[in-house]
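Each chain, written out:
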Amino acid sequence: MQKLSIQGGVALSGEVRVAGAKNAALPILAATLLTSDAMRITNLPQLNDVRTMVKLLERMGVKASEGEHHAQLRADAITEPFAPYDLVKTMRASILALGPLTARFGEARVSLPGGCAIGERPVDLHIKGLTAMGAQIAIEAGDIHATARRLKGARIFMDTVTVTGTENLMMAACLADGETVLENCAREPEVVDLARCLIAMGARIQGHGADVITVQGVERLRGVEYAVMPDRIEAGTFLAAAAATRGAITLTDAPVASLDPVLQKLREAGAEITVGDTTVRIAMRGRPKAVSLRTAPHPGFPTDMQAQFIAMNSVAEGTSRVTETIFENRFMHVQELRRLGAHIEIEGNTAMIYGVDTLKGATVMATDLRASASLVIAGLVAEGETIIDRIYHLDRGYEHLESRLASLGARIARVA
Ligand code: UD1
């Protein structure tokens, strides 16, 4: 199994381009199921999750051809509206096929995602929403089996803010008969990016980016070319790595507006941040100051940046409190950070981080995608060599992370 070896202690410096957003690319790829026309998606990040989504669509009968950062897909005929367990278990976002398949083909079978390393992660709101739109849903042999003649517009209140739930129902509503009003929607920038793609395809959507989204169903959508937005979590990860190593880097093609909650916390940590239209420059002179935070749905602090900030706080001056409100078990990185010498205590959903002067290299194990990113940051800071095992998690969500960090001066290599 591949590992990363990092010789820490180098302040990152230089320039790096932000890749396309994983969490926008996945729903946009699923949206290609909504039209029989060819779709061309550009600025696709080279990630295992993107490959898995394309593979999933191909299994259903979608014709796909992939380039380095783009893909052409055509769902003119579907042979099997089915997302099988072997793919769903490697990528929960496979659930995003449920809404589009049911809306366009009147049938979908998607394996139930089940739990994962960061918690239980139910999909009840996806199911309730589609049921409200008239789908018949049964759970059969671990699969969600949805059937419908034509979905009907409905008023749907989601009692928890859910990103992929909002996306699934918004996609389904595009081809439903009449008006759908979605309440308590996720306001994440990736939901907005998906809505923009759907609108370009001819969907009639209003309110994306706010908590009530209204969709007027149409008979059909058309194929378009669409460029995926840049990845705010990848951008934030590079920024946190620069801050933790007391470096200075510039991000290009950065999703500046959607980075606000992260930039605010980095400024609080003492970083100098300069923002252009599509660039962000960070310079951290001296030791970062500890910053407390609480994760929340957008525009709050993203849960997908929590682990990286705990890594930065581990070497910051002072004590910080990080509270996780979205996923109940999202502190798996803490025990690994402790192996590097971090002083962190956990009480319920809060981590108390007592900043230490230095971390020391050790062998650690990645447990999920963002946990892996936090271990990379800690490894970049630690004295000596850090070996990170199970880096397949990283490859799900970061494009060529090691070569891009190496271009910023990091001593990092992939080893067998
Ligand atoms: C998405 C992101 C993930 C991010 C998360 C929260 C994608 C592909 N993934 O995941 O990177 O960490 O948003 O920002 O975009 N919930 C329910 N019932 C449901 C659905 C969700 O109770 O039917 C709960 C979840 O258990 C969780 C909360 O809602 O506590 C938010 O989860 P959700 O926004 O759905 O996460 P994902 O869309 O899976």
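Residues numbered from 1 in each chain as written. Predicted model: local features only at pLDDT ≥ 70, side-chain atom pairs only at ≥ 80, totals over all residues. Heavy atoms only, no water.

Here we come to the site of the ligand. In the vicinity of the ligand, 19 residues are found, and the nearest of them are Asp124, Thr162, Thr164, Asp304 and Ile326. In this structure, Asp124 approaches the ligand through a side-chain N or O atom, which is 2.7 Å from a nitrogen atom. For the ligand, an oxygen atom lies 2.6 Å from a polar atom in the side chain of Thr164. For the ligand, whose free accessible area comes to 740 Å², the fraction covered by protein is 85%. Of all elements in the fold, only helix H5 (124-132) and helix H6 (163-174) reach the threshold of two or more residues within the shell around the ligand. Here the shell around the ligand gets three residues from one element, more than from any other, and that element is H5. (Near = heavy atom within 4 Å. Polar contact = N/O pair within 3.5 Å; in protein donor to acceptor, adjacent residues only side chain to side chain. Areas by Shrake-Rupley, 256 points an atom, 1.4 Å probe, with all protein chains shown as cover. Helix = DSSP H or I, 4+ residues; strand = E, 2+ residues; numbered from the N terminus.)

The next subject is the pattern of salt bridges. It is possible for side chains of opposite charge to pair when their charged atoms get near one another. What the rule picks out here adds up to 22 salt bridges. Across the salt bridge formed by Arg109 and Glu140, the nearest N and O atoms sit 3.2 Å from each other. A residue pair is termed long-range when its members are at least 10 positions apart, and Arg109 in strand E7 (residues 107-111) and Glu140 in strand E8 (residues 136-140) qualify at 31 residues. (Salt bridge = Lys/Arg side-chain N within 4 Å of Asp/Glu carboxyl O.)

What follows is about H5. Within H5, the full set of buried residues consists of Leu125, His126, Ile127, Gly129 and Leu130. Of the surrounding secondary structure, the elements contacted by the buried residues of H5 are helix H4 (98-105), E8, strand E9 (143-147), strand E10 (155-157) and H6. In the stretch just after H5, Gly134 is the one whose phi turns positive, near 100°. (Buried < 20%, exposed > 50% of the residue type's maximum accessible area, 1.4 Å probe, protein only. Contact = heavy atoms within 4.5 Å.)

So, on to the packing of aromatic side chains. Inspection of the entire model under this criterion finds one aromatic pair. Ring centres of Phe301 and Phe309 lie 5.0 Å apart, and the angle between their planes is 75°; on these two criteria the pair is classed as edge-to-face. The burial state of Phe301 is the same as that of Phe309; both residues are buried. (Phe/Tyr/Trp six-rings, centres within 6.5 Å; stacked < 30°, edge-to-face > 60°.)

This brings us to the packing of helix H1 (residues 22-31) against helix H7 (residues 189-200). Their axes nearest at 9 Å, the elements H1 and H7 cross at an angle of 30°. Classified by the interaxial angle, the pair formed by H1 and H7 is roughly parallel. As for how H1 packs across H7, the hand of that crossing is right-handed. Contacts between H1 and H7 pair Asn23, Ala24, Pro27, Ile28 and Ala31 from the former with Glu190, Asp193, Leu194, Cys197 and Leu198 from the latter. Among the residues making up the contact of H1 with H7, the classes are represented as seven nonpolar, one polar and two charged. (Axes fitted to C-alpha atoms, helices over the stretch in contact; angles between N-to-C directions. Parallel < 35°, antiparallel > 145°, perpendicular 65-115°, else oblique. Left-handed = near helix turned anticlockwise from the far one by under 90°. Nonpolar A, V, L, I, M, F, W, Y, C, P; charged D, E, K, R; others polar.)

Attention now moves to unusual backbone geometry. Looking along the chain, the bond that leaves His298 and enters Pro299 is cis, with omega of 10°. In the Ramachandran plot, Asn43 falls in the positive-phi region, its phi being about 55° despite a non-glycine side chain. Looking at the element boundaries, Asn43 is found in the loop between strand E3 (38-42) and helix H2 (48-59). Phi is positive for Ala141, which is not a glycine, with a value near 45°.

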